[in-house]
Amino acid sequence: MTCYDRRDLGLLLLRLGTGGVLAAHGAQKLLGWFGGGGLEGTGQAMEAMGYTPGRASATAAGLAEAGGGLLLALGLATPAAGAAAAGAMAGAAAVHAPNGFFAQSGGYEYAASLGLTATGLAVTGPGRLSLDHALGHAVNRNWMVPAAFAATAAATTVVIGARNKRMREAAEAKQEKLFD
């Protein structure tokens with residue numbers, strides 16, 4: 001008989017809480033649940049935030065949040081789930097960064113907290129109260145952690161870099177010429 005310890009229970013609670021929040025945010029984007037805009041409304045919002053094309057960006061963000069969150073909650077494919085969620089939160093943090101750190105001012109505090117928690121879970125592993133453990137860690141191998149984060153970091157860098165370039169160009173286009 002297996003004896004679960006505090007660490008296993010703590011990881012379960014972190015996974016359920018973080019994964020549940022991420023899955024709910026993803027459902028807002030994908031399905032319009034919980035007061036969300038669905039793909040249409042979220043796609044328009046993504047365009048306004050500089051993520052183009054908007055609908056594809058909404059789909060990618062929604063899948064990373066909903067899928068990553070659900071997998072984190074279940075403790076399944078934990079490295080990939082945590083990396084996907086962290087990548088989505090990096091994209092959200094980029095939008096909020098100009099407002100500073102604290103969420104009360106529209107800052108990136110909340111996105112950073114979710115992203116760092118997802119990262120920590122991916123690195124630490126899901127614990128014994130997880131599907132990964134029940135399946136013999138078939139999709140939670142040590143080599144998968146750096147591989148998942150390398151792939152996510154590359155994709156996130158490209159997406160956020162392109163967004164930042166679009167935002168910079170849009171801001172420059174709005175500026176008045178000082179000299180003719």
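Details of the structure are given in the entry above.
Okay, so let's go over this structure. In this text the structure is predicted, and so the values were computed from the model without any measurement.

1. Overview of helix 3 (residues 54-74)
Spanning 21 residues, helix 3 covers 29 Å between terminal C-alpha atoms, matching the ideal 30 Å at 1.5 Å per step. Of all the residues in helix 3, the buried ones are Gly54, Ser57, Ala58, Ala61, Gly62, Ala64, Glu65, Ala66, Gly68, Gly69, Leu72 and Ala73. On the buried face of helix 3, the contacting elements are helix 1 (6-31), helix 2 (38-48), helix 4 (78-96) and helix 5 (109-124). Just beyond helix 3, the residue with positive phi is Gly75, at close to 70 degrees.

2. Brief notes about helix 1
If you check helix 1, its first and last C-alpha atoms are 36 Å apart, about what 26 residues at 1.5 Å a residue would give, namely 38 Å. Every buried residue of helix 1 is listed here: Asp8, Leu11, Leu12, Arg15, Thr18, Gly19, Leu22, Gly26, Ala27 and Lys29. At its buried positions, helix 1 is contacted by helix 2, helix 3, helix 4 and helix 5. The N-cap residue of helix 1 is Asp5: its side-chain oxygen and the backbone nitrogen of Arg7 are 3.1 Å apart. Of the residues one or two after helix 1, Gly32 is the one with positive phi, at around 75 degrees.

3. Quick word on the nonpolar core
By size, the foremost hydrophobic cluster in this structure holds 13 residues, and its most contacted members are Leu22, Leu72, Ala85 and Met89. Where this core is concerned, the elements lending two or more residues are helix 1, helix 3, helix 4 and helix 5. Ranked by the residues each element gives to this core, the list is headed by helix 4, at five residues. Membership of the second largest hydrophobic core comes to eight residues, among which are Leu39, Tyr51, Ala94 and Val95.

4. Thoughts on unusual backbone geometry
For the bond from Thr52 to Pro53, the omega torsion is -10 degrees, close enough to zero to count as cis. Phi at Ala77 is positive, roughly 55 degrees, even though this residue is not glycine. The residue Ala77 is located in the loop between helix 3 and helix 4 in this model. Here His137, not a glycine, exhibits a phi torsion of approximately 60 degrees, which is positive. Tracing the sequence through the fold places His137 in the loop between helix 6 (131-134) and helix 7 (144-174). Residue His137 is classed as partly exposed on the basis of its relative accessible area, which comes to 25%.

5. Some thoughts on the pattern of salt bridges
For the structure on display, the rule yields four salt bridges. Linked by salt bridges that have partners in common, Asp5, Asp8 and Arg128 make up one network.

Rules used throughout
- Residues numbered from 1 in each chain as written.
- Predicted model: local features only at pLDDT ≥ 70, side-chain atom pairs only at ≥ 80, totals over all residues.
- Heavy atoms only, no water.
- Helix = DSSP H or I, 4+ residues; strand = E, 2+ residues; numbered from the N terminus.
- Expected span 1.5 Å × (residues − 1).
- Buried < 20%, exposed > 50% of the residue type's maximum accessible area, 1.4 Å probe, protein only.
- Contact = heavy atoms within 4.5 Å.
- Polar contact = N/O pair within 3.5 Å; in protein donor to acceptor, adjacent residues only side chain to side chain.
- Core = buried A, V, L, I, M, F, W, Y, C linked by side-chain atoms within 4.5 Å.
- Salt bridge = Lys/Arg side-chain N within 4 Å of Asp/Glu carboxyl O.

Function cannot be inferred from these measures alone, as they are strictly geometric.
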